[in-house]
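So you can see what is in the structure, the chains are spelled out below.
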Amino acid sequence: MTEPAARRDELAAALDAVRARIARAREGAGRDDDPRLVVVTKLFPASDVDLLAGLGVTDIGENRDQEAAAKCAEVRDRDRLTVHFIGQLQSNKAASVARYADVVQSVDRAKVARALARGAEAARRVLDVTLQVSLDEAEGRGGVAPAGVPALAELVAGEPTLRLRGLMAVAPLGADPRPAFDRLLAVSRALRADHPDAGWVSAGMSGDLEAAVASGATHLRVGSAILGTRQPHR
Ligand SMILES: *Cc1c(COP(=O)(O)O)cnc(C)c1O
């Protein structure tokens with residue numbers, strides 16, 4: 001067990017290093033806007049979230065409902081954090097996610113969108129939503145194919161308890177992320193033509209955040225580069 005002060009220093013140094021990487025990538029791309037850093041805290045304890053909040057982190061990402069619900073209940077400064085749900089979402093978990101998440105990034109089918117809308121209504125909340133797009137159309141990793149984005153976007157935009165904010169994607173495994181992120185930006189441009197408020201593009205993780213910044217991502221989801229290697233679920 002690491003002492004809290006030592007863990008704080010470790011997180012502060014890693015956070016600085018990631019912020020420096022983002023700044024360098026922005027300079028390289030000639031961007032003067034700052035992408036939002038979502039720190040992915042899955043498999044790390046609420047105490048780490050508290051330390052990160054103390055270091056100026058405003059957004060955290062979680063990918064499993066049970067773990068995320070428990071952590072949100074335990075975190076000290078919950079009200080000062082924006083909680084992003086980024087994991088594959090089953091419609092039977094949507095009501096639970098709607099109670100604690102502020103943003104759901106991984107909406108990829110109509111059934112999940114409708115269940116989330118009903119859950120938000122029951123919780124008397126309005127959720128920000130991004131559609132997860134599949135950039136390689138691989139089975140099992142989630143995401144709507146680019147051709148399916150307009151219909152799903154219409155559905156989400158028509159739900160009073162959901163706010164359509166944009167798109168999210170994970171780079172294809174084992175391929176250059178840059179062309180994939182460029183494709184995502186093209187899908188985003190088409191989406192914005194019909195939904196001008198849906199300009200968020202969530203892309204880029206610990207290993208490929210530079211490519212995402214260069215492509216124009218507005219949100220980065222960074223876990224292991226800040227928190228360290230994740231232990232597998234017990
Ligand atoms: C875990 C996860 C991340 C963070 O990945 P790292 O490589 O640890 O930065 C980002 N996005 C999604 C969807 C994830 O599940």
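This text follows the structure it describes.
Rules used in this analysis
Residues numbered from 1 in each chain as written. Predicted model: local features only at pLDDT ≥ 70, side-chain atom pairs only at ≥ 80, totals over all residues. Heavy atoms only, no water. Helix = DSSP H or I, 4+ residues; strand = E, 2+ residues; numbered from the N terminus. Expected span 1.5 Å × (residues − 1). Buried < 20%, exposed > 50% of the residue type's maximum accessible area, 1.4 Å probe, protein only. Axes fitted to C-alpha atoms, helices over the stretch in contact; angles between N-to-C directions. Parallel < 35°, antiparallel > 145°, perpendicular 65-115°, else oblique. Contact = heavy atoms within 4.5 Å. Nonpolar A, V, L, I, M, F, W, Y, C, P; charged D, E, K, R; others polar. Salt bridge = Lys/Arg side-chain N within 4 Å of Asp/Glu carboxyl O. Near = heavy atom within 4 Å. Areas by Shrake-Rupley, 256 points an atom, 1.4 Å probe, with all protein chains shown as cover.

(A) Expanded view of helix 1 (residues 4–29). Spanning 26 residues, helix 1 covers 37 Å between terminal C-alpha atoms, matching the ideal 38 Å at 1.5 Å per step. Residues Arg7, Leu11, Ala12, Ala14, Leu15, Val18, Arg21, Ile22, Ala25 and Arg26 constitute the buried set of helix 1. Positive backbone phi, at 65°, marks Gly30, one or two positions downstream of helix 1.

(B) The packing of helix 5 (residues 110–122) against helix 6 (residues 149–157), seen in detail. Close contact between helix 5 and helix 6 brings their axes to 10 Å; oriented N to C, the two are set at 10°. Taken together, the axes of helix 5 and helix 6 lie roughly parallel to each other. Packed against helix 5, whose contacting residues are Ala110, Ala113 and Arg114, the element helix 6 presents Leu152, Leu155 and Val156 at the interface. Residues that form the contact of helix 5 with helix 6 fall into these classes: 5 nonpolar, no polar and 1 charged.

(C) A look at the pattern of salt bridges. Inspection of every chain in the model, using the stated rule, returns 16 salt bridges. Asp77 is paired through a salt bridge with Arg80; the nearest N and O atoms lie 3.1 Å apart. Looking at Asp77, the relative accessible area reads 24%, which means it is partly exposed. Among the salt bridges present, the one from Asp128 reaches Arg163, with a minimum N-O distance of 2.8 Å. Taken together, the residues Asp128 in strand 5 (residues 127–132) and Arg163 in strand 6 (residues 162–168) connect sequence positions 35 residues apart. Classification of Arg163 as partly exposed rests on a relative accessible area of 39%. Each of Arg7, Glu10 and Asp48 takes part in one network of salt bridges that share partners.

(D) Structural view of helix 2 (residues 46–54). When you tally the buried positions in helix 2, you get 7 out of 9 residues, the bulk of the element. Those residues of helix 2 that fall on the buried side of the exposure criterion are Ala46, Asp48, Val49, Asp50, Leu51, Leu52 and Ala53. Contacts from the buried residues of helix 2 go to helix 1, strand 1 (36–40), strand 2 (59–62), helix 3 (65–74) and helix 9 (224–227). Phi turns positive, to about 95°, at Gly56, one or two residues after helix 2.

(E) Seen up close, the site of the ligand. Around the ligand, a shell composed of Val40, Lys42, Ile86, Met205, Ser206, Arg221, Val222, Gly223, Ser224 and Arg230 is seen. Coverage of the ligand by the protein chains reaches 87% of its 380 Å² of free accessible surface. For the shell around the ligand, the per-class residue count stands at 4 nonpolar, 3 polar and 3 charged.

(F) Layout of unusual backbone geometry. A positive phi angle, near 70°, is found at Leu43, a position not held by glycine. Along the polypeptide, Leu43 turns up in the loop between strand 1 and helix 2. Positive phi outside glycine occurs at Arg124, with the angle close to 55°. By the element assignment, Arg124 lies in the loop between helix 5 and strand 5.

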